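Tertiary structure, described
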Amino acid sequence: MRDLSRLIRPRSVAVIGGGAWCAEVVRQSERMGFAGSIWPVHPKAKSIAGRPAFASLDALPAAPDATFIGVNRRATVQITGQLAAMGAGGAVCFASGFAEAHAEDEEGTALQAQLIAAAGDMPILGPNCYGFINALDGALLWPDQHGCTRVDRGVAILTQSSNIAINLTMQQRALPIAYTVTCGNMAQTAQAEIASALLDDPRVTALGLHVEGFGNIRAWEALAAKAYAQGVPIVALKVGASDQAQAATISHTASLAGSDAGAAALLKRLGIARVAGLPELLETLKLLHCNGPLGGRNVASISCSGGEASLIADMALGSGLRFPALTTLQRTTLRTALGPMVALSNPLDYHTYIWRDGDAMARAWAGMTGAEIDMTFSIVDYPTTDPADWICATDAALKVRADTGAPFAMVASLPELMPPDVAQRLIDNGVVPFMGLREALAATRAAGDIRPPSAMPISLPGDEPATTSLTEAEAKEALAEYGVPVPHSYCGPVNTLISRVKSLRPPFAVKGVGLAHKSEHGAVRLGVLTSGLVEVARDIGTDNILVEEMVPDAVAELLVGVTRDPAHGFVLTLGAGGVLTEVLRDTISLLLPVTANDIKNALGTLNCAPLLDGYRGKPAAHLPAITDAVLAVQAYVLAHQDSVSEVEINPLMCTPDRAVAVDALIRKA
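In short, a report on the structure. (Residues numbered from 1 in each chain as written. Predicted model: local features only at pLDDT ≥ 70, side-chain atom pairs only at ≥ 80, totals over all residues. Heavy atoms only, no water.)

1. Observations concerning the overall build of the protein
Counting its secondary structure elements, the protein contains 23 helices and 30 strands. Principal-axis analysis of the C-alpha atoms gives the protein an extent of 100 × 80 × 35 Å. Put simply, 71% of the contacts in the protein that link residues at least 6 apart link residues at least 24 apart. Carbon and sulfur atoms make up 51% of the accessible area of the protein, which amounts to about 27400 Å² in all. With 50 positive and 65 negative side-chain charges, the protein shows a separation of 3 Å between the mean positions of the two kinds. (Helix = DSSP H or I, 4+ residues; strand = E, 2+ residues; numbered from the N terminus. Contact = heavy atoms within 4.5 Å. Areas by Shrake-Rupley, 256 points an atom, 1.4 Å probe, with all protein chains shown as cover. Lys, Arg positive; Asp, Glu negative; His and termini not counted. Charge placed at Lys NZ, Arg CZ, Asp CG, Glu CD.)

2. Quick look at the packing of aromatic side chains
Across all of its chains, the model carries 11 aromatic pairs by this definition. Each member of the aromatic cluster is reached from another via a ring pair, and the members are Trp-21, Phe-68, Phe-94, Tyr-130 and Trp-142. (Phe/Tyr/Trp six-rings, centres within 6.5 Å; stacked < 30°, edge-to-face > 60°.)

3. Describing the nonpolar core
The tendency in soluble globular proteins is for nonpolar side chains to be buried as a group. In terms of nonpolar packing, the biggest core is built from 142 residues, with Trp-365, Phe-377 and Met-410 touching the most fellow members. Formed by 41 residues, the second largest nonpolar core is a distinct cluster that contains Ala-556, Val-560, Leu-590 and Leu-606. (Core = buried A, V, L, I, M, F, W, Y, C linked by side-chain atoms within 4.5 Å. Buried < 20%, exposed > 50% of the residue type's maximum accessible area, 1.4 Å probe, protein only.)

4. Overview of the sheet that holds strand β18 (residues 408–412)
Within the open sheet, the 5 strands sit side by side as β16-β15-β17-β18-β19. Their pairing is parallel. What marks the edges here is a single partner per strand, and that holds for β16 (348–349) and β19 (432–435). Across 4 bridges, the pairing between β18 and β19 is parallel. Directly across from Val-411, in β19, lies its bridge partner Phe-434. Relative to strand β17 (residues 375–379), helix α16 (residues 437–449) is tilted by about 175 degrees, and along the sheet it contacts β15 (299–303), β17, β18 and β19. (Pairing = 2+ DSSP bridges. Axes fitted to C-alpha atoms, helices over the stretch in contact; angles between N-to-C directions.)

5. Structural notes on the sheet that holds strand β24 (residues 544–549)
Hydrogen bonds between backbone groups are what pair the strands of a sheet, and the pairing can be parallel or antiparallel. Taken in spatial order, the 4 strands line up as β21-β24-β22-β23 in an open sheet, and their pairing is antiparallel. Here the strands that pair on one side only, and so sit at the sheet edges, are β21 (489–493) and β23 (524–528). Each neighbouring strand pair of the sheet contributes to a mean axis angle of 20 degrees, computed without reference to strand direction. Bridging between strand β22 (residues 508–512) and β24 involves 5 bridges; their strand directions are antiparallel. Bridged to Lys-511 within β24 is Leu-546. Packing of helix α17 (residues 472–480) onto the sheet brings it into contact with β21, β22 and β24, and relative to β24 it is tilted by some 45 degrees. Helix-sheet contacts for helix α19 (residues 533–540) involve β22, β23 and β24, and the interaxial angle to β22 is about 25 degrees.

6. Some remarks on the state of the cysteines
Scanning the entire structure with this criterion turns up 0 disulfides. Cys-183 supplies the cysteine sulfur nearest to Cys-129, a cysteine that is in no disulfide, at a spacing of 7.2 Å. Residue classification places Cys-129 among the buried positions, given a relative accessible area of 1%. (Disulfide = S-S within 2.5 Å.)

7. Observations regarding unusual backbone geometry
In the segment running from Pro-506 into Pro-507, the intervening peptide bond is cis, with an omega of 0 degrees. Counting through the fold element by element, Pro-507 comes out in the loop between α18 (497–500) and β22. Even without a glycine there, the phi angle at Ala-49 is positive, about 55 degrees. On the secondary structure map, Ala-49 appears in the loop between β3 (47–48) and β4 (51–52).

8. Structural notes on the environment of Leu-57
Relative to the helices and strands, Leu-57 resides in the loop between β4 and β5 (66–69). According to the relative accessible area criterion, Leu-57 is buried, its value standing at 7%. Separated by 17 residues in the primary sequence, Leu-57 and Pro-40 place their C-alpha atoms 9.6 Å from one another. Apart from residues lying up to four places away in sequence, Leu-57 is in contact with Ile-16, Val-41, Ile-79, Gln-82, Leu-83 and Met-86.

9. Quick word on helix α23 (residues 623–639)
When the terminal C-alpha atoms of α23 are compared, their 24 Å separation across 17 residues agrees well with the 24 Å that a helix rising 1.5 Å per residue should span. Along α23, the residues classified as buried are Ala-625, Ile-626, Thr-627, Ala-629, Val-630, Ala-632, Val-633, Gln-634, Tyr-636 and Val-637. (Expected span 1.5 Å × (residues − 1).)

10. Describing α17
The set of residues buried in α17 consists of Glu-472, Ala-475, Lys-476, Ala-478 and Leu-479. Each buried residue of α17 sits inside an arc of 160 degrees when the element is viewed along its axis, so together they form one side. Where α17 is buried, its residues touch β22, β24, α23, β28 (644–654), β29 (659–661) and β30 (664–668). (Arc of directions from axis to C-beta.)

11. A word on the environment of Ala-509
Here Ala-509 is to be found in strand β22. Along the chain, Ala-509 and Glu-549 lie 40 residues apart, while their C-alpha atoms are 6.3 Å from each other. Contact partners of Ala-509, with chain neighbours within four places excluded, come to Arg-525, Leu-526, Leu-546, Val-547, Glu-548 and Met-550.

12. A short note on the environment of Arg-31
Position of Arg-31 among the secondary structure elements: in helix α2 (residues 20–32). Overall, the relative accessible area of 55% leaves Arg-31 in the exposed class. For the pair Arg-31 and Tyr-228, spaced 197 residues apart in sequence, the C-alpha to C-alpha distance is 35 Å. A polar side-chain atom of Arg-31 sits 3.0 Å from a polar atom in the side chain of Glu-24. (Polar contact = N/O pair within 3.5 Å; in protein donor to acceptor, adjacent residues only side chain to side chain.)

Following this line, the structure appears as C-alpha cells:
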C-alpha cells in the first residue's frame, strides 16, 4: 500500500500552473495558516497570488511533499512523471478529460493509463479531482471555495464528487471537519486506500464516506479491520446501482437481491453504518465525534410538549429504534424532579413546571438516561427572535452530560432552530446538537449499527458469466450431494412413469421439465394420485416429467438463494418463499460465507419469523434443519465459486422435523 502521509500532511506544497484555480490554491493555504512552504511553479510568470514563482520543478529547493497539478491533461502526465522521478510525496491531478470522458474518447482512456505509469509508486489523487483540505494543519490543495475552518480534531469526509465535497464543507451544524478529500477518477489510489491513510492521523474521530462503488473488496476488508482496531467508526452514504447486478436472470432471488442488497450486506459485514442522505451523514458523524458508536437502539426522549413527544414516537416507527418503558429508578428520579402532576412515560412530556430552573431540568433530563438507554434526546427548539430564555436548557444539557457521562443530545425539531453558537457550545462539551428530528433518529440508528467487522474473508466469485441452467432434477441432485434434503422423485418420459414410481408414496407433485417458471405455465400439479398420474403428465405436455413425493405438515415456506454479484461477492438471500415471494418481498441479504448463528439471526428479522417459531398454537419449524440446509447450499456455492452464478431453492418446505427443497434452480458457466 502506498504511503500517503507526505501528500495529505505536507510540510511543503508546490502549485503547478498559473490560472485562477492555481492562484486560489496558494491563497487557500495562506488563509488557513499553513506553516510550511508554498512554491508556485510557472515557466513564464514572475509571481502567482503574490508569491515568487519558480520557473520549473528543477528550480525548487527540494522535492515537494504535495503538489497541485493545475495544467491540461497531456501536461499533467508529463509533470507527474517528473515529480515521481524527483521523489515528491504525491500529487493532486486536477485536469479532466481522462477515463471519465465519453467512451468514444480513446485518448482520455489512454492518457489515464499513461498517468498511472508515470506516477509509479508516488501516490496521486484523481485525475478529475479537486484535491483535499487538511484543516488540522492548514494545508489545502483545493482550488475553489469551501466552508472549513481550522480545527484541532474532527471527522474526515471522503467523496468522489468534488461538488458534494464543497457542499458538505459549507455545513452550519457545528461539525468539526478535519479532512475533506475528493477521489476523482481514482485512477491509481482508490477510496479505501485513501481512507486508510486518514486513519493514520490520531486527530481523526470518525470517517464519513460518499461511495459510488467499492472496487477491491479486500482493500475494504483491510480498512474496516484497521478502523475497528483503532476505534475510529465509519459511516457511508452508498449511492448508485451496479450495471453488473442488472444482468438477465430467471430466478426470484436475483430480482430481490440486486446490487444495492449486495452493497448493504457488504457494509453490514464490514461493520460500517449506512445512511441515505447528506444531512443524515453529517448528523451521524456529529454523534460519532461526540460519543462514538452506540451500544444498541434503545432511546429515550423528553420534551416540554406533548406534541413533540407524540411526533418523535411516530417518526421512530419503522426505524428500528425502541423506547423502553421507564425503570423503577428512572420513575423515582423523575417523580422527585417533576412532582405529582406529570404523567411519566417514554417519550416524556415534562410540561413547563420546572422551566428556568436549570438544576431541576438537569435532574429530570438525567432521569431519562440509564444503563439500558443508548441515547437520550431532549427536544428543544430555540426561537429565532430572543433565545435568551433558553440558556437554561443549554446549561441543563451540559450538566447532564458532565454528571452522568451518558450519551445525550439536544434535538431541534426544525434544523434552523438550533443556533450555531449553541450547537458549538454543546458539541465542545460532548452533547450532540441534532438538527432535525428525522436526522436525529437516522443518525442514532446508524450509530447503533456499527459493530466489529467479520473476521471471515468474503468469498469472491469467478469472472465467467452464466451460460447454462440445470433442470430442476439436475439442480436438486447437485445440491443433494452437498447435504440439501430433497424429495424422493423420478424424472423421465411419461411412458415409464408407472413402473418407476412404485417405490414413491402418493400424493405426488408433478412438474414439467425445462421450464423456468413452471407455475406460470400450468406445469405444476399438486396432490396427484397414482391413478391420475399419466393423464396429468400428458396434460402438462413436456417431453420429460418430474414426479416427487409431496412434503406434508409444512409450517412455513422459505426462499434460499445465492446470486453472483461481481461488485460485492456472493449474496445470500433468505426470505418468505412460494409463489408470492416477489409480492411479499420479505427478505434479508448476507454475503458468503456465513455461520449458523448468522443464519439464525437473519431468519429472526423476517416478518414471517413467527411462522417459524410456531404461530397461534401451530408447531414450530425445525430451525437446525433449516440452518443445515442453508449451510449445504453455501457449501455447494463455495465449492463451485469460479463457475456458479445463481442457486435458488424456492420453496424450502419447513416442517416440525425437517426442511426439504421442493424446487431448485442452478445457473453456472
